[in-house]
Amino acid sequence: MSDNQEQASSVYKGYWDPESNERHGQYAHGKEVIVRAHDVKKVYKANSESPVHALRGVTMEIYKGEYLAIMGPSGSGKSTFFNAIGGLDRPSSGQVYIDEVDIAQLDAAELAWLRCRKIGYIFQSYNLIPVMTAIENIMLPMTFAGTAGDEARHKAFDLCKLVGIDHRADNKPSELSGGQQQRVAIARSLANDPAIILADEPTANLDSKTGLDIIKLLVELKEQKNVTVISATHDHEMLAISDRVLWIKDGQVDRVELREDLKIQKGTID
Ligand SMILES: Nc1ncnc2c1ncn2[C@@H]1O[C@H](COP(=O)(O)OP(=O)(O)OP(=O)(O)O)[C@@H](O)[C@H]1O
Ligand SMILES: [Mg+2]
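For the structure given in this document, a descriptive report is provided here. For clarity, every value in this text was computed on a predicted model and none was experimentally measured. (Residues numbered from 1 in each chain as written. Chains lettered and ligands numbered in written order. Predicted model: local features only at pLDDT ≥ 70, side-chain atom pairs only at ≥ 80, totals over all residues.)

Side note on helix H7 (residues 208-225)
Across its 18 residues, H7 extends 25 Å between first and last C-alpha, which sits within 8% of the 26 Å expected from 1.5 Å per residue. If you check which residues of H7 are buried, you get Gly-211, Ile-214, Ile-215, Leu-218 and Leu-221. Looking down the long axis of H7, one finds its buried residues gathered within 120° of arc, a one-sided arrangement. Along H7, exposed side chains directed more than 90 degrees from the buried face belong to Lys-209, Lys-216, Glu-220, Glu-223 and Gln-224. Positive phi appears at Asn-226, one or two residues downstream of H7, with a value of about 55°. (Helix = DSSP H or I, 4+ residues; strand = E, 2+ residues; numbered from the N terminus. Expected span 1.5 Å × (residues − 1). Buried ≥ 20, exposed ≤ 12 C-beta atoms within 10 Å, placed from the backbone. Arc of directions from axis to C-beta.)

What to know about the site of ligand 1
By nearness alone, every residue bordering ligand 1 is listed as Tyr-44, Ala-46, Val-52, Ala-54, Gly-72, Ser-74, Gly-75, Ser-76, Gly-77, Lys-78, Ser-79 and Thr-80. Every element with two or more residues in the shell around ligand 1 is listed here: strand S4 (52-63) and helix H2 (78-85). Ranked by the residues each element gives to the shell around ligand 1, the list is headed by H2, at 3 residues. Grouping the amino acids of the shell around ligand 1 by side-chain chemistry returns 4 nonpolar, 7 polar and 1 charged. (Near = placed C-beta within 6 Å. Nonpolar A, V, L, I, M, F, W, Y, C, P; charged D, E, K, R; others polar.)

Some points on the packing of helix H4 (residues 134-144) against helix H6 (residues 178-189)
Axis separation between H4 and H6 bottoms out at 8 Å; the angle between their running directions is 25°. As far as their axial angle goes, H6 and H4 are roughly parallel. Considering the relative orientation of H4 and H6, their crossing is right-handed. Contacts between H4 and H6 pair Ala-134, Asn-137, Ile-138, Leu-140 and Pro-141 from the former with Val-184, Ala-187 and Arg-188 from the latter. In the contact of H4 with H6, the residues fall into 6 nonpolar, 1 polar and 1 charged. (Axes fitted to C-alpha atoms, helices over the stretch in contact; angles between N-to-C directions. Parallel < 35°, antiparallel > 145°, perpendicular 65-115°, else oblique. Left-handed = near helix turned anticlockwise from the far one by under 90°. Contact = placed C-beta atoms within 7 Å.)

Focus on the sheet that holds strand S10 (residues 228-232)
Ordered by their spatial adjacency, 6 strands build an open sheet running S8-S9-S10-S5-S11-S12, and the pairing between neighbours is mixed. Two strands bound the open sheet, and with one partner strand each, they are strand S8 (119-123) and strand S12 (252-258). Strand-to-strand twist in this sheet, taken as the mean axis angle between neighbours without regard to direction, amounts to 15°. Pairing geometry for strand S5 (residues 67-71) and strand S11 (residues 244-249), over 4 bridges, is parallel. If you follow Leu-68 over to S11, its bridge partner there is Arg-244. Packing against the sheet, H6 makes contact with S8 and strand S9 (196-200), and its axis sits at approximately 165° to S8. (Pairing = 2+ DSSP bridges.)

Encoded structure:
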């Protein structure tokens, strides 16, 4: 084992032990758990092909108000883990608790409420509705949540200002740059004041400067609104601003590191 690996595993064991799932150390002290994944496994079975074990038992606690980056090679299971904790797909086994509620126990209406109100989603490819303007895209989740039209428009415009696209509020996605589209997607994710933002590779389609602006925006929002940001990434810029980094490898937790400990290893990450 290299010095760095040794250091990483001792850091990891220092505050969270995945075997016993016991928390200790200063970082976890006094923190509230918002997402708890327990032994989450996912097997994809396609016809005639051998099954893919995308997650092989992930146990992880995510704390309220933290910025957690999820890193790992392509195909390691990051998006699968996202889909599980975001209630977008059911794990094959194991449990996901949000605010200590086992989401597998929710009925369709409760799950829809959770997806609409509690979690904001941001995707690599923005996923905006092409025929709607920026402000209409941002209003959409509010419409689903039953917010009245005027109120939704007013709030959507405030969100446009927050993410710096108020001058482009009436443009359609095809008239916006990638960075502007991602700002719209971020504003949309905030529409119903979620407690959690799940961002799957939010900077992957952006140049590094724009990517950095988007990351800074997410950090600002985390601080202003006390949301929990969970972001899968290949972007090393993301590491410097994350409170913790969850490294996934072959569908398993490889290690969890605190930002302070990453700094020590700067230049040797990955
Ligand atoms: N719907 C699916 N059906 C079958 N296999 C799938 C499906 N979705 C993902 N997989 C497989 O599960 C594994 C994990 O995929 P996942 O998308 O979670 O990886 P990832 O870490 O997000 O990768 P990337 O960094 O490329 O986005 C991969 O081997 C992938 O091919
Ligand atoms: Mg992915």
